[in-house]
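What follows is the residue order along each chain.
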Protein chains: 2
Amino acid sequence: MSQQEVIYVGEKPASTYILEVLTLLKKGTRKLVIKARGHNISKAAQVTESVKRMTGGKIAYGQIKIYSEEVGEETEEKSVPVIEIEITSLL
Amino acid sequence: MSQQEVIYVGEKPASTYILEVLTLLKKGTRKLVIKARGHNISKAAQVTESVKRMTGGKIAYGQIKIYSEEVGEETEEKSVPVIEIEITSLL
């Protein structure tokens, strides 16, 4: 099974990730996962919807998963929500 | 088709919506949708994951949808990402 491209949406501006996704789609990547944690989850949704608009709707949503990851040192571990948004290119 | 409960996650603290969901689940609601827009999308994921933890994992995710809504007056309309997270009670 070919390794799926994963784009981690972090603290940079949304435009950085939008460009990254558009570049991958232009290079022919068929499927990729956009992943984000905590307060960056909203940005991940903004990125996918912006890519959808910019490609004239030429992406489809696959599975969207929400779960939790433990972050921080042992004594101060806490759960952070994570989203994984799978998108498929229709280009 | 019975009208599905929808919880709109907005500007209030996450705890407000977590309590709202737990109350509905305790009252026997089987399925509900947690909906949020823009920067509140992260809070929606936090709410569902907190409810999952607090119920000992007794909720399951159904369909998760991401799309855009137009907001604002005609001349200043803009697209805002929206998430709808369907959860099913396993209580």
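Here, residues in each chain are numbered from 1, in the same order as that chain's written sequence. Whichever chain is written first becomes A and whichever ligand is written first becomes 1, with later ones labelled in order. In view of the model being predicted, local features appear only for residues whose pLDDT reaches at least 70, and side-chain atom pairs are presented and counted only at 80 or more, with totals across whole chains, interfaces and linings using the full set of residues. As a convention, hydrogens and water are excluded, and side-chain values are obtained from all of the structure's heavy atoms.

Going by an unreviewed UniProt entry, chain A carries the name DNA-binding protein and comes from Infirmifilum lucidum.

Residues in a regular strand point their side chains to alternate faces of the sheet. Residue and element names in this part refer to chain B. Most of strand β2 (residues 31-37) is tucked away, with 5 of its 7 residues classed as buried. Handedness of a crossover is defined as follows: with both strands directed away from the viewer, a clockwise route from the first strand across the helix to the second makes it right-handed. Think of it this way: any DSSP run of H or I at least four residues long counts as a helix, any run of E at least two long counts as a strand, and we number them from the N terminus. Remark: the strand β1 (residues 5-9)/helix α1 (residues 14-26)/β2 crossover connection has right-handed handedness. Between any two strands, at least two bridges found by DSSP are needed for them to pair. Note: β2 against strand β4 (residues 78-89), 7 bridges, orientation antiparallel. Bridge pairing in β4 links V33 to E86. Each residue is assigned to one of three classes by its accessible area relative to the maximum for its type, calculated with a 1.4 Å probe on protein chains only: buried under 20%, partly exposed between the two thresholds, exposed over 50%.

It is worth spelling out the relation of the copies chain A and chain B at this point. A rotation about some axis, followed by a shift along it, carries one copy of the chain onto the other. Of the transformation placing chain A onto chain B, the axial shift is 0.0 Å and the rotation is 180°, giving an RMSD of 0.0 Å. Taken together, the rotation and translation relating the two chain copies correspond to the operation of a two-fold axis. Among all residues of chain A, the one whose C-alpha sits closest to the rotation axis is S42 of chain A, at a distance of 2.5 Å. The copies were overlaid by least squares, fitting only the C-alpha atoms of residues that reach a pLDDT of 70 or more in each copy.

We now examine helix α1 (residues 14-26) of chain A. Helical geometry: 3.6 residues make up each α-helical turn, so side chains three or four residues apart lie on a common side. All names here are of chain A. Multiplying one less than the number of residues by 1.5 Å gives the expected span of a helix. Spanning 13 residues, α1 covers 18 Å between terminal C-alpha atoms, matching the ideal 18 Å at 1.5 Å per step. Among the residues making up α1, those that are buried are A14, Y17, I18, V21, L22, L24 and L25. Looking down the long axis of α1, one finds its buried residues gathered within 160° of arc, a one-sided arrangement. Summarising the geometry of α1, the exposed residues directed more than 90 degrees from the buried face are L19 and K26. Here a residue-residue contact requires only that any non-hydrogen atoms of the pair lie within 4.5 Å. Buried residues along α1 sit in contact with β1 (5-9), β2 (31-37), α2 (41-54), β3 (59-71) and β4 (78-89). Once α1 ends, the next one or two residues include G28, with phi positive near 105°. As used here, the arc is the angular range of directions from the helix axis to the C-beta atoms.

Take the sheet that holds β2 of chain B next. Residues and elements named next belong to chain B. Taken in spatial order, the 4 strands make up an open sheet running β1-β2-β4-β3, and their pairing is mixed. The open sheet has two edge strands, β1 and β3 (59-71), and neither has a second partner. Averaged over all neighbouring strand pairs, the angle between strand axes comes to 20°, with direction disregarded. The axes are straight lines fitted to the C-alpha atoms, using for helices just the contacting stretch, and the angles between their N-to-C directions are given from 0 to 180°. Helix-sheet contacts for α1 involve β1, β2, β3 and β4, and the interaxial angle to β1 is about 170°.

Moving on: the UniProt feature "domain: DNA/RNA-binding protein Alba-like" (unreviewed entry) in chain A. UniProt positions are given in the numbering used here, feature names are shortened, and annotations may be inferred rather than shown by experiment. With numbering matched to this structure, UniProt assigns "domain: DNA/RNA-binding protein Alba-like" (unreviewed entry) to residues 6-68 of chain A. Spanning residues 6-68 of chain A, this segment combines 43% helix with 33% strand, and its end C-alpha atoms are found 17 Å apart.

Attention now goes to a negative patch on the surface. Side chains of E70, E73, E74, E76 and E77 of chain A sit close together on the surface and give a patch of like negative charge. Here E70 of chain A lies in strand β3. Note on patches: the residues involved have over 30% relative accessible area and no salt bridge, like charges join within 9 Å, and the nonpolar side chains Val, Leu, Ile, Met, Phe, Trp and Tyr join within 5 Å. Only the protein chains shown count as cover for residues, and all accessible areas are computed by the Shrake-Rupley method using a 1.4 Å probe. The rule for a salt bridge is simple: a side-chain nitrogen of Lys or Arg has to be within 4 Å of a carboxyl oxygen of Asp or Glu. Charged residues are defined narrowly, with Lys and Arg counted positive, Asp and Glu counted negative, and His plus the chain ends left uncounted. The location of each charge is read from NZ of Lys, CZ of Arg, CG of Asp or CD of Glu.

Our focus in this paragraph is the interface of chain A and chain B. For an interface, size is often stated in terms of accessible area lost upon the parts coming together. Each partner contributes to the interface: chain A provides 19 residues, whereas chain B provides 19 residues. For any pair of parts, buried area is found by adding up, for both, the accessible area (1.4 Å probe) each one loses once the two are put together. With both chains or domains summed, chain A and chain B bury close to 1,400 Å², and 67% of this area falls on carbon and sulfur atoms. Area buried by chain A at its contact with chain B is led by S42, I64 and I66 of chain A, which between them contribute 39% of it. At the boundary of chain A with chain B, the tally comes to 0 salt bridges. Polar contacts, as used here, are pairs of N or O atoms within 3.5 Å; protein pairs need one atom able to donate a hydrogen and one able to accept it. Residues neighboring in sequence count only if both atoms are side-chain atoms. The tally of links from chain A across to chain B stands at 11 residue pairs in polar contact (both at pLDDT 80 or more). Residue assignment for the side of chain A that touches chain B shows that the elements contributing at least two residues are α2, β3 and β4 of chain A. A total of 7 residues in the side of chain A that touches chain B trace back to one element, the largest contributor, which is α2 of chain A. Broken down by class, the residue content of the side of chain A that touches chain B amounts to 9 nonpolar, 8 polar and 2 charged. Any residue outside Ala, Val, Leu, Ile, Met, Phe, Trp, Tyr, Cys, Pro, Asp, Glu, Lys and Arg is labelled polar, Gly included; the first ten of those are nonpolar and the last four are charged.

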